[in-house]
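Chain by chain, the residues run as shown.
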Amino acid sequence: EYVLLGDDSQHDPFLYEAICKIFPVTVKAIYIRQTTKSKKEKTIAVLKNLESLKVSVCYFKHSSEAIAHSKSIGIIP
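All values reported here derive from a predicted model rather than from experimental measurement. (Residues numbered from 1 in each chain as written. Predicted model: local features only at pLDDT ≥ 70, side-chain atom pairs only at ≥ 80, totals over all residues. Heavy atoms only, no water.)

### Quick look at the state of the cysteines
Stage number 1. Following the criterion strictly, the structure yields 0 disulfides and no others.
Stage number 2. As a non-bridged cysteine, Cys20 has Cys58 as the owner of its nearest cysteine sulfur, 15 Å distant.
Stage number 3. When its relative accessible area of 9% is taken as the criterion, Cys58 is described as buried. (Disulfide = S-S within 2.5 Å. Buried < 20%, exposed > 50% of the residue type's maximum accessible area, 1.4 Å probe, protein only.)

Shown next as structure tokens:
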């Protein structure tokens, strides 16, 4: 299983969605860093779709959020 890490500044969420549709069981989690003051609606929509594919997602502003999420799903101890 893979963990994908990117940000919302360009195409990462959309590329990751395509990867998950092609290889649905190989991606354990997707982490997207928020690059602006507020979260982007298109990114939120893509991540909701990914959750429906049973992929764990985390859209975060601060790395502490991503670390806590990684611990909660067992990626890091």
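### Regarding helix H3 (residues 63-72)
Stage number 1. Buried within H3 are the following residues: Ala66, His69 and Ser70. The arc enclosing the buried residues of H3, seen along the axis, measures out at 100°, which places them on a common side.
Stage number 2. Tucked into the core, H3 has its buried residues touching strand E2 (27-33) and strand E3 (56-60).
Stage number 3. Looking one or two residues past H3, Gly74 carries a phi angle of roughly 85°, positive in sign. (Helix = DSSP H or I, 4+ residues; strand = E, 2+ residues; numbered from the N terminus. Arc of directions from axis to C-beta. Contact = heavy atoms within 4.5 Å.)

### Focus: the pairing of E3
Stage number 1. Of all the 5 residues making up E3, 5 are buried; the element is thus mostly covered by neighbouring parts of the structure.
Stage number 2. Judged by which residues are buried, E3 turns out to be covered on both faces: Ser56, Cys58 and Phe60 on one side and Val57 and Tyr59 on the other are all buried.
Stage number 3. The sheet contact formed by E2 and E3 spans 5 bridges and is parallel. Across the sheet, the residue bridging to Tyr31 is Cys58, located in E3.
Stage number 4. At this point the chain moves from E2, through helix H2 (residues 41-52), to the parallel E3, and the crossover so formed is right-handed. (Pairing = 2+ DSSP bridges. Right-handed = clockwise from strand over helix to strand, strands pointing away.)

### Let's talk about unusual backbone geometry
Of all residues except glycine, most have a negative phi; of all peptide bonds, most are trans.
Stage number 1. Of note, Lys54 is a non-glycine position whose phi angle comes to about 70°, a positive value.
Stage number 2. Along the chain, the position of Lys54 falls in the loop between H2 and E3.

### Observations concerning the packing of helix H1 (residues 12-22) against H2
Stage number 1. In contact at an axis separation of 10 Å, H1 and H2 are set at 15° when each is read in the N-to-C sense. Taken together, H1 and H2 sit at an angle that is classed as roughly parallel. The two elements H1 and H2 meet at a crossing, and its hand is left-handed. Within the contact between the two elements, H1 uses Pro13, Phe14, Tyr16, Glu17, Cys20 and Lys21 and H2 uses Lys42, Thr43, Val46, Asn49 and Leu50. (Axes fitted to C-alpha atoms, helices over the stretch in contact; angles between N-to-C directions. Parallel < 35°, antiparallel > 145°, perpendicular 65-115°, else oblique. Left-handed = near helix turned anticlockwise from the far one by under 90°.)

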